[in-house]
Amino acid sequence: MEAKYDFERKYREQILLCSRCGFCQAVCPVYGATLRPGLNARGKMLLLKEVMDGRIDLSDELIETLFQCTTCASCTHNCPSGVPVPEIIKAARKDMVAIGSCHPAFKGMNEVLKKHTNIYAEDEAEDFGRQKKPAAKYVFFAGCVGLYRENDATEAALAVLDKLNVDYTLIEEVCCAGVLEDVGFALNDALVQTNIDRILATGAEAVITGCPYCARTLNNKMQYAPLRAKGVIIMHIAQFLKDYDLGVHTDKKVTYHDPCDLGRHCGIYEEPRQTIRKLAPNFVELAHHHADALCCGAGGGVRGAYAKNSIDMARRRLKEVEEIGAEVVLTECNSCVHNLGNAKLRKQKFTICTTTQFIHDLMEETD
Amino acid sequence: MEFESYNMPDELYYEPNHYWVRPEGDLLVMGMDDFARKLAGQIVFVQLPEEGKLLKQGKKFASVESGKWLGKVYAPVNGEIAAANEELETNPGLINQDCYGVGWMYKIKPDDMAEVQSLLHGTEAVQKWLVEEIAKFAKGA
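(A) Here's a closer look at the overall build of chain A. Helices and strands together make up the secondary structure of chain A, namely 20 helices and 7 strands. In terms of overall dimensions, chain A has C-alpha extents of about 70 × 45 × 30 Å along its principal axes. In chain A, 77% of the contacts between residues at least 6 apart in sequence involve partners at least 24 apart.

Spelled out as structure tokens, the structure:
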């Protein structure tokens, strides 16, 4: 029988690989927050098998299941059969959108990005008091969260680059648009082209991003291939800073939260730790770290569409911080900072910030 | 006062970014008004500054979020935070449920209680302001 949907054409064999063992359930952040087996990867694979078998059809009834996934890839990392769950979920979401069944938050985001330059529909981006230079060795690409939600983190990152005498410039950046593909839509070509043109116009040899998700998008998406074809290197600021002698240190007990986009999705675990260990000899790992790190709950559009569950996921992560008694939680993702910060209870006295922000604050103390 | 489906109690004072203020002894209680509540939708996060945080009238001191919307909270008077509604930490939806009651946000110890008079107050002033606000924000929302 001919497959009805693209997700089946692309991933039928992988979906059938799911042996229903449930290893994914133990690590799924959505299951952890909701305790609903239908929402973990096994539940989602069973459901898509039912669709492939023609027993149920894609419809609005499946929105909550298929659109409530942070695409953190914990399931895939722990799957003995190697089922590529995030890719399957993204393909199924495309089919859902094609038949008109989409979470309203994501439909709204797609519309917003047709009219605005960022996912928040904000009209004015902060310029951080810096002139945009016509040419520079590096472009600093902040990302939507860094420009409109975690401005302090971006300001701090720029101040650190200034201190290190890095030849960089900001550009009139627009949303990298990667999130659209995650939630069932096509990448917005106009946004992509704008970023490519503005980066190339600076003659920069590399783009330093403050956002691991933007780094992934610019590095991996086919639509950004023209940028890479010109030899422009894309790196996250954690990669850029790892070899610098920053000349600051702290005695505080510091831990590190691996962002899914930098860790499981890009395999970047040691670069941030290399920097943090230089700053903070009293570094301690969370109970789950490296590829086993718990997701903060913000990815895959879940923060926008299922905010309560998203914050509950972040609270689970913060319990691990309490357990080890850390005073500072560092991470390399503004979305993680934002969600973990929103989830932090008043009684939890630890600080949550990006590694770069922490470096900046230590530099300020030293001056 | 009920105006165009917005409930704006007469006895309250209003900060122009749609936060209400009510004198209570030597403190001011503050929360989000019905206009902002309806425009914002489901509130998912309220920043709750520590007691003692100093406030400068007109300066941002906290934020509120609903999905993709981020609201800034500005100090209605000079003073300091005396209390924050800790219930909002785990149940920010109290603002949606009852923005003038259990959904209150902060208690402020003002430097000078008379500064509350600089806020919007009284049927006529509030109605005039709301007409402008509806034209600016609410149409087509």
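(B) The arrangement of the nonpolar core in detail. By size, the foremost hydrophobic cluster in this structure holds 155 residues, and its most contacted members are Ile88, Phe140, Val207 and Leu340 of chain A together with Met30 of chain B. The element contributing the most residues to this core is helix α7 (residues 85-98) of chain A, with 7 residues. Not counting residues up to four positions away in its chain, the partners in contact with Ile88 of chain A are Phe7, Tyr11, Gln14, Ile15 and Leu48 of chain A.

(C) Seen up close, the environment of Ala83 of chain B. Residue and element names in this part refer to chain B. Looking at the element boundaries, Ala83 is found in strand β10 (residues 79-84). With 15 C-beta atoms counted inside 10 Å, the residue Ala83 sits in the partly exposed group. Sequence separation between Ala83 and Val29 is 54 residues, and the spatial gap between their C-alpha atoms is 9.1 Å. Excluding residues that lie within four positions of it along the chain, Ala83 makes contacts with Glu51 and Lys107.

(D) Representation of the sheet that holds strand β9 (residues 69-74) of chain B within the structure. Residues and elements named next belong to chain B. One open sheet accounts for 3 strands, arranged β6-β8-β9; its pairing is antiparallel. Edge positions in the sheet fall to β6 (45-46) and β9, since each of these pairs with one other strand and no more. Judged from the 2 bridges that link them, β6 and strand β8 (residues 60-66) form a sheet pairing that is antiparallel. Across the sheet, residue Val46 finds its bridge partner in β8, namely Val64.

(E) Local environment of the interface of chain B and chain A. Contact with chain B, which involves 8 residues of that partner, is made by 11 residues of chain A. Of the residues belonging to the side of chain B that touches chain A, the class tally is 4 nonpolar, 1 polar and 3 charged.

(F) Region of interest: the domain arrangement of chain A. Residue and element names in this part refer to chain A. According to the domain assignment, chain A consists of domain 1 (6-102), domain 2 (138-241) and domain 3 (254-366). Placing the centre of domain 1 and that of domain 3 at their C-alpha centroids yields a distance of 27 Å. Contacts between domain 1 and domain 3 engage 14 residues on the former and 16 residues on the latter. With 5 residues, helix α3 (residues 29-34) is the largest single contributor of residues to the side of domain 1 that touches domain 3. Here the residues of the side of domain 1 that touches domain 3 are counted per class, giving 7 nonpolar, 7 polar and no charged.

(G) Seen up close, helix α18 (residues 307-324) of chain A. All names here are of chain A. Along its 18 residues, α18 runs 27 Å from first to last C-alpha, staying within 8% of the 26 Å computed at 1.5 Å per residue. Every buried residue belonging to α18 is among Ala307, Asn309, Ser310, Ile311, Met313, Ala314, Arg317, Leu318 and Val321, and all of these are buried. Packed against the buried residues of α18 are α3, β5 (254-257), α17 (302-305), β6 (328-331) and α19 (334-343). Immediately downstream of α18, the backbone of Gly325 shows phi near 65°, a positive value.

(H) Representation of the confidence of the model for chain B in the model. Per-residue confidence for chain B gives a mean pLDDT of 93; residues scoring 70 or more make up 96%. Two summary scores accompany this predicted model of the complex, namely pTM at 0.93 and ipTM at 0.84.

(I) Representation of the packing of helix α16 (residues 270-279) of chain A against helix α20 (residues 355-366) of chain A. All names here are of chain A. At a closest axis distance of 11 Å, the pairing of α16 and α20 adopts a crossing angle of 25°. Our classification of the angle between α16 and α20 gives roughly parallel. The element α16 and its partner α20 pack so that their crossing is left-handed. Note on element contacts: α20 touches α16 through Thr355, Ile359 and Leu362, opposite Pro272, Thr275, Ile276 and Leu279. Taken together, the residues that form the contact of α16 with α20 break down as 5 nonpolar, 2 polar and no charged.

(J) Just unusual backbone geometry, in detail. Although it is not a glycine, Ala121 of chain A sits at a positive phi angle of roughly 60°. Checked against the element boundaries, Ala121 of chain A lands in the loop between α8 (104-115) and β1 (138-141). Residue classification places Ala121 of chain A among the partly exposed residues on the basis of 16 C-beta atoms within 10 Å. If you check the backbone angles, Glu4 of chain B has positive phi at about 45° while not being a glycine.

Thresholds, definitions, all that
Residues numbered from 1 in each chain as written. Chains lettered and ligands numbered in written order. Predicted model: local features only at pLDDT ≥ 70, side-chain atom pairs only at ≥ 80, totals over all residues. Helix = DSSP H or I, 4+ residues; strand = E, 2+ residues; numbered from the N terminus. Contact = placed C-beta atoms within 7 Å. Core = buried A, V, L, I, M, F, W, Y, C linked by C-beta atoms within 7 Å. Buried ≥ 20, exposed ≤ 12 C-beta atoms within 10 Å, placed from the backbone. Pairing = 2+ DSSP bridges. Nonpolar A, V, L, I, M, F, W, Y, C, P; charged D, E, K, R; others polar. Domains from an automatic or database assignment. Expected span 1.5 Å × (residues − 1). pLDDT = per-residue confidence, 0-100. Axes fitted to C-alpha atoms, helices over the stretch in contact; angles between N-to-C directions. Parallel < 35°, antiparallel > 145°, perpendicular 65-115°, else oblique. Left-handed = near helix turned anticlockwise from the far one by under 90°.

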